[in-house]
Amino acid sequence: MPKIIIDNHEIEVPEGTKVIEAAEQLGIMIPRFCYHPALGSVGACRVCAVKFLEGPFKGVQMSCMIDVKDGMIVSTTDEEAVEFRQYVIEWLMLNHPHDCPVCDEGGHCLLQDMTISGGHGMRRYLGLKRTYRDQYLGPLVQHEMNRCIHCYRCSRFYQEFAGYFDLGVMQSANRTYFGRFKDGILESPFTGNLSDICPTGVYTDRPSRFFGRRWDYQRSPSLCINCSLGCHTTASARYREVVRQEARYSEAVNGYFICDRGRHGFHYARNETRPRRALIEGREVSTEEAIRAAREKLAELVKSAGPDSIACLGSGRSGLETQAMLKQLCQEKGWQGPSYFMDKSLAGKVKTAVSRLDPELAVSLHQLEGSDAIIVVGADPINEAPMLALAMRQAQRHGGKIAVVDPRPIFLPFDFTHLPVRPDEINLYLSALIKGAVDPQLIAEAGKGAAEFYQVSPSLEIVADSLQEKASILAQELRAGQKVVIVCGTQIVRETTPALAADHAQLLRAAKKQVGLFYLLPQANSFGASLLTGDEVSFSEILEGIEDGRVKSLILAENDPFYNFHDRQRLDLAIEKLDLLVVLDYFESAAVKKAQVFLPTSTLYEGGGIFINQEGRLQAAPKAYLGGISIAQIGGGNHPPRVYGRDIPGGEVRAAHQFLTQISNGDQIEDDDHTQRSLLRWIADNITPLPEIPPFDELAENGMRISSSDNTPPYFAVKWQEEKDKGNGLEDSLEIILTDWTFGTEELSSFSPPLRKLERSPCASMHTKDAARLGLDHGDKVKIKLDEGDVEVDVCAEENMASGAIVLPRHRLLEWQKIKSFPKFVSYEDVKKVST
Amino acid sequence: MKCNVDLTYAMIPKELKELLARQIAGIEHPRELVVDVMFAVQDHYGYLSDEAVEEVAELLDMSPLEVEQLATFYTFIYREPVGKYVIHVCDSVICWMEGHESLLDHLSGKLGINLGETTSDGMFSLLPVCCIGYCDRAPAILINKKVYGPLTIEKLNDILERLRAEA
Ligand code: SF4
Ligand code: SF4
Ligand code: FES
Ligand code: FES
């Protein structure tokens, strides 16, 4: 490894390291505009000039363009280099407006910093400045082209890194323009990163524009809980509300970027409609009164009907503390539950995924970027976990081959091979592809288990004729790949798929490949929920209990079954029948409106929380601010009311786990820290494999990996014949597949006003062949007969999806909750065109 | 999410479109043809309109922005209507030493337009170009892709008059 001396400090770095990077490792931050660690070097801005004193290069050179070589001696402080950089800044400022006070970037602007630190203080240029027309780029990003210094970071990120082609660089020389062909909403779901990486104020965060300067904000590390990846964010709060979220660097998880769902998904915490006061039968009461009412009613029920007349439902969007408190209470009090999943099969799939995630197989998003073949089964990255798509794109850019086995019309921002097969065929295709990709010789050597599993698994012969060619090319590519990752979803797949994905990962390992296994889970903390799930009742069993009168009270801790449960009719009847519905939540869910007692809980931003992402990475977010209703809301835009009080207005919200202790044990609450500590103790003592969780600030930057792999013998006996028979008799039916969309289906982000502007209106996707058979055209309106009535929705006829399926988004604007159980099939007669 | 360009008014005539589509189908990396396709469409209409950019994009399975990036980079793709004669005046170093500026001043004065403009009768457009490789004939200009040089004011006047007469 070459050694270099920079400003009298010596450092040894791997071959290929740029001088600017070596300096950074020494703690010397050479100025930069165009260089970005994720985007690489282009040498466009010239501000990273340093002087090379010894070695293969001499004189002033760009430190971002030159690889470290032995014998180099570099000075960043040499007079000539300093002067050079000063001129660079001066010429970049020729055309740049001198109006930082009205620019929203001011305060965190790299150009501002460099202008000051570079020593360009006096303006000499007196000519006219070049000006541009700005464009409308949609609700998330504001454009101010006059501020551009032509570093090309935006177009490189947008096109090369992220794979979207509606923003880029036009014209040339002094007229170079960064923007779109025409005004319009940016197509990529990663656009917020433009605001993060542009070194000046060309792109700024539109929803939070002019709300404050960076130094006005309380900025704190936070986590995104809008999907199961758990990307790192920085939350900016001011005047008692979070107003902006940015990407926070994480080596293992999201790198430098996040998706727009994550960036703008936090508005549920600040909306004016968020319920801030406790309610009894819809009437605002003091928190203490509501707690007392809940406690007394629960006690009465225990007396009259026994503790098991009370049941609890939690969720995967709560922090581990609340999930665990629910479990602790149920155990101690003899209440039923908790259940954290809406249906048993989903709970089962998540449990399998969690228990089969062998620590040697689990890979992070970052590791996945380095793989040379990825096979995705039953997952739709861009819609379920957008940053996964971005990571996969990096693998693809480095030559990785990507295959997706999924019935839905999958779009990814890069080239990949799609095998659109029905959910019941996913297992077969996965198996066939992997079988075609491993060397039988190596498997034979690997031992009996692997050999037998290999022997009986279906081979490429099962692949439909139309997909034969694609599949055999794919199998070859997988075979050539050394680092292979299997990505497996848990939503649309059959119950056996997650385990089968693990088995095939093991098979690949037996064939001497470096293998990764990457599951997607339904919610941010589904992993935690799964660790806490033993043999408790499922939600449908709770409903049964209510139906036959055994269960009389339901406690909903941060779960809204009216959004999530697939059988609304049954739910309505059950809720009607209850003696007591207690709801704890932090947004205006439908369940809140039905609650006899409602307690307003704190969000991640006011309460902090521990979340375990889909690869078992336990991460924590501290509080971003102390809570309370925002000044803007209590003052109605004016000065807040001049009323004396010791509490924060609207500060009645508490962490759900605190309310839970209070409604079960008593009024007195200890301070936050204390409850949290004792909870963490309880978790460590009772929940294997969770260790003692250190205080948040001690949790390492990248969290800690939890593994609950249960050492089940890796290969299970798949009844392949049954798998093959599953498709029989389905020729005349269409499977209803419920799916996520990037915007519009995920519960928390569906409360975000800026993201609502990006939602597509719901549509039912079906294969063009099926549409033709039904006499439907793209854009027609159809009525689909489900178990409990019809849904009316527009048709999207697609070529790139499985036939025999109708894909419906779990969209907030679509009443899809009319399904009794899954898998749900409808016949062709059940789908009728609505004449308009 | 390739946007499906839905053009309410398709510009390229059917035959030309088919010809281009055939050429595109015949090569391995269609986008290599983008400049040729832009020229073909421009030759037909005299310039490359917004709609034409979108049609070229559709033909080549590129986004309109990708086409625009190239269309606006190249000097000889005109994104606005131009006159019957497009005069490109070389402004690179040799021509500049040989009197490019007085040539340009004269042209501007005579035609009554600045660089980037077209005479009101639609006859002449005046545009700069960087070195066209005729430094030995500096100062040089291009008129509708034909080179003229070395030029003097008199020669230039003759050329303009001839072109006007021919038009
Ligand atoms: S818009 Fe920003 S990121 Fe893009 S080139 Fe200009 S300064 Fe750089
Ligand atoms: S990919 Fe998921 S976790 Fe990451 S920012 Fe987007 S929604 Fe949040
Ligand atoms: S950072 Fe090196 S040239 Fe821009
Ligand atoms: S400088 Fe004008 S042709 Fe070369």
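Residues numbered from 1 in each chain as written. Chains lettered and ligands numbered in written order. Predicted model: local features only at pLDDT ≥ 70, side-chain atom pairs only at ≥ 80, totals over all residues. Heavy atoms only, no water.

As for the overall build of chain B
Stated precisely, the cut-off is as follows: A run of DSSP states H or I qualifies as a helix once it reaches four residues; a run of E qualifies as a strand once it reaches two. Both are numbered from the N-terminal end. The rule is simple: take the accessible area with a 1.4 Å probe, protein chains only, and divide by the maximum for that residue type; under 20% is buried, over 50% is exposed, in between is partly exposed.
A count of helices and strands for chain B gives seven helices and four strands. Reading the secondary structure of chain B in the N-to-C direction produces α-α-α-α-β-α-α-β-β-β-α. Taken along the three principal axes of its C-alpha coordinates, chain B extends 55 × 30 × 25 Å. Burial statistics for chain B: of 167 residues in total, 44% are counted as buried.

A word on the environment of Glu21(A)
To be explicit about the condition: Any pair of N or O atoms that falls within 3.5 Å is considered a polar contact. Within protein, one atom must be able to donate a hydrogen and the other to accept it, and sequence-neighbouring residues count only if both atoms are side-chain atoms.
Mapping Glu21(A) onto the fold places it in helix H1 (residues 19–25). Only 2.8 Å separates the side chain of Glu21(A) from the side chain of Tyr35(A), close enough to count as a polar contact.

Notes on the pairing of strand E24 (residues 597–600) of chain A
Residues and elements named next belong to chain A. Inclusion rule: Only when DSSP finds a minimum of two bridges between them are two strands counted as paired.
Burial along E24 is two-sided: the residues Val597 and Leu599 and Phe598 and Pro600 are all buried. For strand E13 (residues 278–280) and E24, the ladder comprises two bridges, and the chain directions are antiparallel. Bridge assignment links Leu279 to a residue of E24, and that residue is Phe598. Bridging between strand E23 (residues 580–585) and E24 involves four bridges; their strand directions are parallel. Its bridge partner lying in E24, Leu584 is registered against Leu599.

Observations regarding unusual backbone geometry
Residues and elements named next belong to chain A. A cis amide bond links Thr688 to the next residue, Pro689, at an omega of 0°. In this structure, Pro689 sits in the loop between helix H26 (672–686) and strand E27 (704–705). At Phe210, a residue that is not glycine, the phi angle is positive and equals roughly 60°. Tracing the sequence through the fold places Phe210 in the loop between strand E9 (203–205) and strand E10 (218–223). Since its relative accessible area comes to 52%, Phe210 is described here as exposed. One non-glycine residue, Lys512, adopts positive backbone phi at about 65°.

Looking at the site of ligand 2
Residues and elements named next belong to chain A. As a reminder, the rule being used: Definition of nearness: a residue and a molecule or strand are near each other if at least one heavy atom of the residue lies within 4 Å of the molecule or strand. For this classification, the nonpolar set comprises Ala, Val, Leu, Ile, Met, Phe, Trp, Tyr, Cys and Pro, the charged set comprises Asp, Glu, Lys and Arg, and every other residue, Gly included, is treated as polar.
The local shell around ligand 2 consists of Cys224, Asn226, Cys227, Leu229, Gly230, Cys231, Ile258, Cys259, Arg261, Gly262, Pro386 and Met387. Secondary structure elements with two or more residues in the shell around ligand 2: helix H6 (260–264) and helix H12 (386–397). Considering only residue class, the shell around ligand 2 consists of eight nonpolar, three polar and one charged.

Looking at the domain arrangement of chain A
Residue and element names in this part refer to chain A. Our working rule: Here the bounds of each domain stem from an automatic or database domain assignment. The contact definition used throughout considers only heavy atoms, calling two residues in contact when any of these lie within 4.5 Å.
Domain annotation of chain A identifies domain 1 (3–92), domain 2 (134–269), domain 3 (278–345 + 527–697), domain 4 (348–521) and domain 5 (728–833). If you average the C-alpha positions of domain 2 and of domain 3, the two centres end up 34 Å apart. Every contact between the two is made by 22 residues of domain 2 and, on the other side, 28 residues of domain 3. Our enumeration of links across domain 2 and domain 3 arrives at seven residue pairs in polar contact (both at pLDDT 80 or more). Looking at the side of domain 2 that touches domain 3, the elements with two or more residues in it are E10, strand E11 (232–238) and strand E12 (241–247).

Looking at the confidence of the model for chain B
Caution applies to low-pLDDT regions: their predicted coordinates should not be interpreted in detail. Residues and elements named next belong to chain B. In plain terms, the rule: pLDDT: the predictor's confidence for each residue, scored from 0 to 100.
Summarising the model, chain B shows a mean pLDDT of 91, and 94% of its residues fall at 70 or more. Within chain B, helix H4 (residues 64–71) carries the highest mean pLDDT (98), whereas helix H1 (residues 14–25) carries the lowest (93). Note on residues 1–9: pLDDT under 50 across the span, and 15 contacts to partners over four residues away in sequence or across chains. The complex model carries a pTM of 0.95, and its ipTM stands at 0.91.

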